[in-house]
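Residue-level listing of the chains:
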Amino acid sequence: MSWAADAAAAWQRHLEQARWFSGKGRSARVSALTALDWYTPAGSWPAVRSELATVSYPDGPDEVFQLLVGYVRPGTADVPAPLGRVRLDDLGEVEFFDATEDGGSLTALVDALLTSPPPGMRWLEPSAVDPGARMRRYRGEQSNTTVVLGDGALLKLFRKLEPGANLDAEVLERLPGEITPRLFGVLRADDYDLGMFYQRITGITDGWVFATSAAAATSSFAEASADLGHALAVLHDELASAFGTAERSGDELAEVMLDRYQVAAEAVPELAVHAPAVTEVFDRLRGQRLTTQRVHGDFHLGQALHRPAADGQSPWVIIDFEGEPLKSLAERREFDTPVRDVAGALRSLDYARSAAADPDSSAALGWTAEATGAFLDGYGRHRPVQPAILQAYLLDKAIYEVVYEVRNRPGWAHIPLRAVQDELVRAQGGPTIRPKEF
Ligand SMILES: Nc1ncnc2c1ncn2[C@@H]1O[C@H](COP(=O)(O)OP(=O)(O)O)[C@@H](O)[C@H]1O
Ligand SMILES: O=P(O)(O)O[C@H]1O[C@H](CO)[C@@H](O[C@H]2O[C@H](CO)[C@@H](O)[C@H](O)[C@H]2O)[C@H](O)[C@H]1O
């Protein structure tokens, strides 16, 4: 049997428990393993390379995931449990493991990428990456794997691969690095972007943690929210000048939102009863001409990092431009109106009140209303938002969230389900938790 057949079974077991593996619970099978060229020089240990795992499912198309693999001589691995042992033509009998779990392999990888970069390694600012920095895997919840390289840099290894440029790298490269981290380099092989080196922002509080702590203490989030609104408006200006703008008819957008709603209503029957009211809200887009551009696409508080004020610096940095995970890559790269991100932020401020002792108390509702008003002031000072368009996007986003939560976190589904109802009541002139003009 070839090394790949032996290793595939071990990786299959590993994937089922890997936090980043999005195919869990779908009877995933590693049907092929393709080795890319070694990053590390011949004769050095550990030997490190990327391998592409093709994952097959009984209920859908194959997907490709990146594995970063470390190999050492048997009995010398520096990880608690190597995944297995294989014989490779060039290395002989070796043990292998997930190299993101081994500091020595990460150091060997970064050193090799800096000192003898493979043809696919494109450096923009190599001096920002310190090969002597302590390297460790970021332990938080994420769908890729981030390696922390001291205080200065991060290496994000993309896990689920799609041919073409990675959206996050593509955006960071074109922006000035004031509201977003600076991009230091991109690693690519064959058709795939495999990872990127970028600026680590230190001393930050994750926006979701920041907002939910404030909501739990019923302490005002207005100032931070207004700053976030302003930061998003600046980001939208930067994206428009980097990628340009276009126009789209409101009729077309209404059809797209309606189609998405219909697919969602088939997946989640509770949504189906709202068809007439949902159609009415989307119909209000008809007859309008909308300006579109590249947007964040999946903006929420977890995509914003807050840092202590410093002269001339934005207190918020915005990250993760990969778009909504339930959409295809082509859909995620499409232009949209910037209102999509405004709606994302407002939905997130609504989610954040779930951290309050009683999320439905007038204090908690008031907390969201105040933060929402402040966000819209901060954003709208610069870029006015039309209420009918915002309403359609808020509804579209809440519908997306219902499907996302039912699939991923059923215990949270009540939050967007309730939001869908609230948006529809509000659209018919009912009571609102938002400032009256919106
Ligand atoms: N430039 C950065 N500086 C500091 N921390 C960051 C930076 N980018 C991401 N993070 C942290 O890493 C976490 C995961 O990053 P993210 O880009 O959202 O990963 P994923 O694409 O895997 O979801 C974020 O929630 C944030 O806490
Ligand atoms: O961070 P991702 O790009 O993977 O986005 C997905 O997961 C998010 C949850 O982590 C999800 O966001 C929803 O829950 C958030 C609270 O956990 C809330 O702040 C957001 O407003 C809400 O949409 C996001 O929708 C999904 O695409």
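Residues numbered from 1 in each chain as written. Chains lettered and ligands numbered in written order. Predicted model: local features only at pLDDT ≥ 70, side-chain atom pairs only at ≥ 80, totals over all residues. Heavy atoms only, no water.

Undergrad: Would you take a moment to explain the sheet that holds strand β17 (residues 316-318) for this structure?
TA: The antiparallel open sheet is built from three strands, whose spatial order is β13-β16-β17. At either margin of the open sheet sits one strand with a lone partner, and together these are β13 (205-206) and β17. One ladder, built from two bridges, connects β13 with strand β16 (residues 304-306); its direction is antiparallel. Looking at β16, one finds that Thr-205 is bridged to His-306. Along the sheet, helix α5 (residues 222-243) makes contact with β16 and β17, crossing β17 at roughly 45°. (Pairing = 2+ DSSP bridges. Helix = DSSP H or I, 4+ residues; strand = E, 2+ residues; numbered from the N terminus. Contact = heavy atoms within 4.5 Å. Axes fitted to C-alpha atoms, helices over the stretch in contact; angles between N-to-C directions.)

Undergrad: Which parts of the structure should I look at to understand the confidence of the model for the protein?
TA: One rule of thumb: low pLDDT means the predicted coordinates there are not for detailed reading. Looking at the protein as a whole, the pLDDT averages 94, with 98% of positions reaching at least 70. Both scores are given for the predicted complex: the pTM is 0.92, the ipTM 0.96. (pLDDT = per-residue confidence, 0-100.)

Undergrad: Can you help me understand the pattern of salt bridges in this one?
TA: For side chains bearing opposite charge, pairing can occur when the charged atoms are close. Scanning the entire structure with this criterion turns up 39 salt bridges. Taking the shortest distance from any N to any O, the salt bridge between Lys-156 and Asp-168 comes out at 3.0 Å. In this pair, Lys-156 is assigned in strand β9 (residues 153-157) and Asp-168 in helix α3 (residues 167-174), connecting sequence segments twelve residues apart. The burial state of Lys-156 is the same as that of Asp-168; both residues are buried. Here Glu-324 ties to Lys-327 by a salt bridge, and the two come within 3.4 Å at their closest N and O atoms. The same class applies to Glu-324 and to Lys-327, which are both buried. What emerges from the salt-bridge pattern is a single network uniting Arg-260, Asp-298, Glu-324, Lys-327, Asp-336, Arg-340, Asp-396 and Lys-397. (Salt bridge = Lys/Arg side-chain N within 4 Å of Asp/Glu carboxyl O. Buried < 20%, exposed > 50% of the residue type's maximum accessible area, 1.4 Å probe, protein only.)

Undergrad: Just to check I follow, could you spell out the nonpolar core for this structure?
TA: Side chains of a nonpolar character, in soluble globular proteins, are inclined to be buried together. In terms of nonpolar packing, the biggest core is built from 100 residues, with Phe-197, Phe-221, Leu-271 and Phe-282 touching the most fellow members. Here this core gets ten residues from one element, more than from any other, and that element is helix α11 (residues 387-408). Residue contributions to this core reach at least three from each of two domains, namely domain 1 (3-199) and domain 2 (205-427). In this structure, Leu-271 is in contact with Tyr-261, Ala-264, Ala-265, Ile-399, Val-402, Leu-417 and Val-420, ignoring residues within four places of it in sequence. If you look at the next biggest cluster of nonpolar residues, it comprises 25 residues, including Trp-20, Leu-67, Val-69 and Leu-88. (Core = buried A, V, L, I, M, F, W, Y, C linked by side-chain atoms within 4.5 Å. Domains from an automatic or database assignment.)

Undergrad: Please clarify how the site of ligand 1 should be interpreted in this entry.
TA: Among the 17 residues in the neighbourhood of ligand 1, the closest are listed as Gln-142, Asn-144, Lys-156, Gln-199 and Ile-201. In this structure, Gln-199 approaches ligand 1 through a main-chain N or O atom, which is 2.8 Å from a nitrogen atom. Alone, ligand 1 offers 550 Å² of accessible surface; in the complex the protein occludes 90% of this. Those elements giving two or more residues to the shell around ligand 1 turn out to be β9 and β12 (192-199). Here the residues of the shell around ligand 1 sort into eight nonpolar, four polar and five charged. Here the shell around ligand 1 spans two domains, since at least three of its residues come from each of domain 1 (3-199) and domain 2 (205-427). (Near = heavy atom within 4 Å. Polar contact = N/O pair within 3.5 Å; in protein donor to acceptor, adjacent residues only side chain to side chain. Areas by Shrake-Rupley, 256 points an atom, 1.4 Å probe, with all protein chains shown as cover. Nonpolar A, V, L, I, M, F, W, Y, C, P; charged D, E, K, R; others polar.)

Undergrad: So what exactly am I meant to see when it comes to the side chain of Ser-314 here?
TA: Within the secondary structure, Ser-314 sits in the loop between β16 and β17. Relative accessible area serves as the criterion here: at 15%, Ser-314 is assigned to the buried category. Among the polar contacts listed, one links the side chain of Ser-314 to the backbone oxygen of Trp-316, at a separation of 2.6 Å.

Undergrad: Help me understand the domain arrangement of the protein in this model?
TA: Accessible area lost upon the coming together of the parts is a frequently used measure of interface size. Here the protein is partitioned into domain 1 (3-199) and domain 2 (205-427). Opposite the 18 residues of domain 1 that make contact, domain 2 presents 20 residues. Counting the contacts that link domain 1 with domain 2 gives four salt bridges. The closest approach of N and O atoms between Glu-162 and Arg-332, which form a salt bridge, is 3.0 Å.

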